[in-house]
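Notes for the structure review
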Amino acid sequence: MQRIRLRYAKRGPLRFTSHRDFARAFERALRRAGVPIAFSQGFTPHPKISYASAAPTGVGSEAEYLEIGLQAEVDPAALVAALDAALSPGLDVLDAVVAGDGSLADRIDASRWRIELPDVDPEVAEKAVEAFLAADEVLVERMTKQGRRSFDARNAVASFAVSKESGAPSGAAAARCAIIDLVVRQVTPAVRPDDVMSGLRVVAGLEPPVPPRVTRLAQGSLTSQGEIVDPLDADREDAPIGGR
């Protein structure tokens, strides 16, 4: 059995696709593209697909990852083209590699996010971010399956800054907009961008007049220099010359 790891994006209106809806769409795309997917054993076989750290519904992403098991070897580049053609525009397959040793999930410990705050002055956002970073702890609340839970949003934040490119939000005419660059480590419980926004409200009273537009730009392992390494890079480095 061959294992392939894929990177895909959720763009535009398709960012509102839930993880369950994407999984259904992806399985249909596998069938339409004639991919020789492997199945689990037992009375109710399931396609061998495993997802890593799916982005929340309503959030765009340029860096979603999954792994599939195949019954026969395929060319990763041809697989990208076939699956991308079988999926709706906005659900875009970007890259594929033959899986090497180790777990895909073990290579992901942080995510980089872009948060656009339309109608928020960048200077106001910068002061709120400074207040957040100056705090030793920022307690926020979120409703979970176990009920309402309070946790620290500050500890998970590796870097947090208002981007120099703050200006017009994407897809809009010239308008005031603060753009935030955020790197969050994977912790338990998981800290999401909306939790960090709740933290800005707690420490600085920042209340954006319209909902933020959030996009995950990258996820992978966080280096000491603050860079995020694509989890597929290790598979490319381990691949012999010729890709076989």
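For the structure itself, consult the block above.
Thresholds, definitions, all that
- Residues numbered from 1 in each chain as written.
- Predicted model: local features only at pLDDT ≥ 70, side-chain atom pairs only at ≥ 80, totals over all residues.
- Heavy atoms only, no water.
- Phe/Tyr/Trp six-rings, centres within 6.5 Å; stacked < 30°, edge-to-face > 60°.
- Helix = DSSP H or I, 4+ residues; strand = E, 2+ residues; numbered from the N terminus.
- Buried < 20%, exposed > 50% of the residue type's maximum accessible area, 1.4 Å probe, protein only.

1. Regarding the packing of aromatic side chains
Aromatic ring pairs: the centre-centre distance and the angle between the two ring planes describe each pair. This structure, assessed with the given rule, holds four aromatic pairs. Summarising the aromatic geometry, the rings of phenylalanine 22 and tyrosine 51 are spaced 6.2 Å apart at their centres and angled 80 degrees between planes, so their arrangement reads as edge-to-face. Of this pair, phenylalanine 22 sits in helix H1 (residues 19-32) while tyrosine 51 is found in strand S2 (residues 49-52), placing the two residues 29 residues apart along the sequence. Overall, the relative accessible area of 26% leaves tyrosine 51 in the partly exposed class. With a centroid separation of 5.2 Å and 80 degrees between ring planes, the pair formed by phenylalanine 132 and phenylalanine 160 is classed as edge-to-face. Of the two residues, phenylalanine 132 sits in helix H3 (residues 122-134) while phenylalanine 160 sits in strand S8 (residues 157-162), which places them 28 residues apart along the sequence. Residues phenylalanine 132 and phenylalanine 160 agree in their burial class; the two are buried. Pairwise contacts between aromatic rings join Tyr8, Phe22, Phe26 and Tyr51 into one cluster.

2. Section: unusual backbone geometry
What you tend to see is this: most non-glycine residues have negative phi, and most peptide bonds are trans. Geometrically, the link from threonine 188 to proline 189 is a cis peptide bond, its omega value of -5 degrees lying close to zero. Mapping proline 189 onto the fold places it in the loop between strand S9 (177-185) and helix H4 (193-204). Not every positive phi belongs to a glycine, and serine 53 is a case in point at roughly 50 degrees. Here serine 53 lies in the loop between S2 and strand S3 (60-70). When its relative accessible area of 30% is taken as the criterion, serine 53 is described as partly exposed. Here the phi dihedral of aspartate 119 falls at roughly 65 degrees; this positive angle occurs in a residue that is not glycine. Here aspartate 119 is to be found in the loop between strand S5 (110-118) and H3. Residue class for aspartate 119 comes out partly exposed when judged on its relative accessible area of 41%.

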